Amino acid sequence: MSQTDIEIVVDDPTAPEDDSPSVIASGTIEIIVCLLLLALAITLGYDNWRTGASWDATGPEPGYFPFYLSVILGGGSLYGLIAALVSHRAARETFVTRAQARRVMAVFAPTLLFCLVTQVLGLYVASFLLIAGFMRLVGKIALWKSLLTAVVFTAIMFVTFDIAFDVIMPKGPLEAALGR
């Protein structure tokens, strides 16, 4: 056996368990997504019909193309919904297990919180908290390394966007106290 035929297998100690119970089935998710897309298509179609979805003397009205795009989206959603309802009875695959959902929420919840905190504390403070929090809580990295990395990244981001390119970013009370 040559050296290139050797397979290296590394087990991930944080991988979700194989016997974790199912949270929701794939067919259910397909139905929910199709219904949400259909609702979006109806909403967009109505709004674009209201603003004008026909031709006038100068050409198409503002809602003409978006209206027909929403019709296409609605048609695709109906097709997907019917296909999901027909196949939903046939197969019941797991979409996500409890352990997988827990891992996804470990990333989703802090990211959602980051979006909310950005509105109150500004982008730079929220970024600092997100980076330091992820490194410490999810990555299990030493506190001093997490804080140092968050400070350095946030400082580089501030210099790049706020000073070098003068991009308007959401600011909070810290930036106001520093006169920015």
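Residues numbered from 1 in each chain as written. Predicted model: local features only at pLDDT ≥ 70, side-chain atom pairs only at ≥ 80, totals over all residues. Heavy atoms only, no water.

1. Notes on the overall build of the protein chain
Formally: To qualify as a helix, a DSSP run of H or I must reach at least 4 residues; to qualify as a strand, a run of E must reach at least 2; elements of each kind are numbered from the N terminus. Only protein chains enter the accessibility calculation, which uses a 1.4 Å probe. A residue is then buried if its area is under 20% of the maximum for its type, exposed if over 50%, and partly exposed in between. By definition, residues are in contact when any of their heavy atoms lie within 4.5 Å. Values of accessible area rely on a 1.4 Å probe in the Shrake-Rupley scheme; residue burial ignores everything except the protein chains shown. Here Asp and Glu are counted as negative and Lys and Arg as positive; His is not counted, and neither are the chain ends. In this description, the location of a charge corresponds to atom NZ of lysine, CZ of arginine, CG of aspartate or CD of glutamate.
Within the protein chain, the regular secondary structure consists of six helices and four strands. Mapped from its N terminus to its C terminus, the protein chain presents α and β elements in the order β-α-β-β-α-β-α-α-α-α. On the principal axes, the C-alpha backbone points of the protein chain span a range of 65 × 60 × 35 Å. Expressed as a percentage of the 180 residues in the protein chain, the buried residues total 24%. Across the protein chain, every contact between residues at least 6 apart in sequence was considered, and the portion connecting residues at least 24 apart equals 60%. Total accessible area computed for the protein chain in this model is approximately 13000 Å², and 70% of it derives from carbon and sulfur atoms. Charged side chains in the protein chain number 11 positive and 15 negative. The centres of these two groups are separated by 10 Å.

2. Details of the nonpolar core
Short version of the rule: Residues grouped as a nonpolar core are buried Ala, Val, Leu, Ile, Met, Phe, Trp, Tyr and Cys residues, joined through side-chain atoms within 4.5 Å.
The biggest cluster of nonpolar side chains holds six residues, and these are F114, L123, Y124, A126, M157 and M169. In terms of residues, this core owes the most to one element, helix α4 (residues 123-138), which gives three residues. Apart from residues lying up to four places away in sequence, M169 is in contact with L123, Y124 and F161.

3. So, unusual backbone geometry
Most peptide bonds take the trans form, and the phi angle of most residues other than glycine is negative. Phi angles above zero are rare outside glycine, and K140 is one such case at about 55°. Within the fold, K140 resides in the loop between α4 and α5 (143-164). One non-glycine residue, D166, lies in the positive phi region at around 50°. Considering the arrangement of structural elements, one finds D166 in the loop between α5 and α6 (173-177). A relative accessible area of 61% means that D166 is categorised as exposed.

4. Here's the deal with the packing of aromatic side chains
Here is the rule we go by: Two rings from Phe, Tyr or Trp (for Trp, the six-membered ring) form a pair when their centres sit within 6.5 Å of each other. Planes less than 30 degrees apart are called stacked, planes more than 60 degrees apart edge-to-face, and all others tilted.
Applying the stated rule across the entire model yields six aromatic pairs. On the numbers, 5.2 Å between centres and 80° between planes, the contact of Y124 with F158 is edge-to-face. Here the residue Y124 occupies a position in helix α4, and F158 occupies one in helix α5, the gap between them amounting to 34 residues. The rings of W49, W55, Y64, F65, F67 and Y68 are connected pair by pair, giving a single aromatic cluster.

5. Focus: α5
We count it as follows: The span you would expect from a helix comes to 1.5 Å times its residue count less one.
Compared with an ideal rise of 1.5 Å per residue, which puts 22 residues at 32 Å, α5 spans 30 Å between its outermost C-alpha atoms and is within 8% of the ideal. Those residues of α5 not exposed but buried are S146, A150, T154, M157 and D162. Residues of α5 that are buried sit in contact with α4. Trailing α5 by a residue or two, D166 shows a phi angle of about 50°, which is positive.

6. Remarks on the packing of helix α3 (residues 98-121) against α4
Test applied: For helices, the fitted axis covers only the stretch in contact; all axes are lines through C-alpha atoms, and the angles between them, taken along N-to-C directions, range from 0 to 180 degrees. Roughly parallel refers to an angle under 35 degrees, roughly antiparallel to one over 145, roughly perpendicular to one between 65 and 115, and oblique to any angle outside these ranges. Two helices crossing with the near one rotated counterclockwise from the far one by less than a right angle form a left-handed crossing, whereas a clockwise rotation gives a right-handed crossing. In this count, Pro and Cys sit with the nonpolar residues alongside Ala, Val, Leu, Ile, Met, Phe, Trp and Tyr, while Asp, Glu, Lys and Arg are called charged and the others, Gly among them, polar.
Closest axis-to-axis distance for the α3/α4 pair is 8 Å, and the angle between their directions is 155°. Considering the angle they form, α3 stands roughly antiparallel to α4. Regarding α3 and α4, the two cross each other, and that crossing is right-handed. The residues of α4 that touch α3, namely those facing A106, V107, P110, T111, F114, V117, T118 and L121, are L123, V125, A126, S127, L129, L130, F134 and V138. Split by residue class, the contact of α3 with α4 holds 13 nonpolar, three polar and no charged.

7. Here we look at α3
For an α-helix the count is 3.6 residues per turn, leaving residues at separations of three or four pointing the same way. Threshold: Here the bend at each residue means the angle between axes fitted to two seven-residue stretches, the one ending at that residue and the one beginning there.
In this model, α3 (24 residues) spans 33 Å end to end at C-alpha, consistent with the 34 Å of a helix rising 1.5 Å per residue. Largest kink in α3: about 30°, centred on M105. Along α3, the residues that are buried comprise A99, F114 and T118. Next to the buried residues of α3 lie β4 (94-97) and α4.

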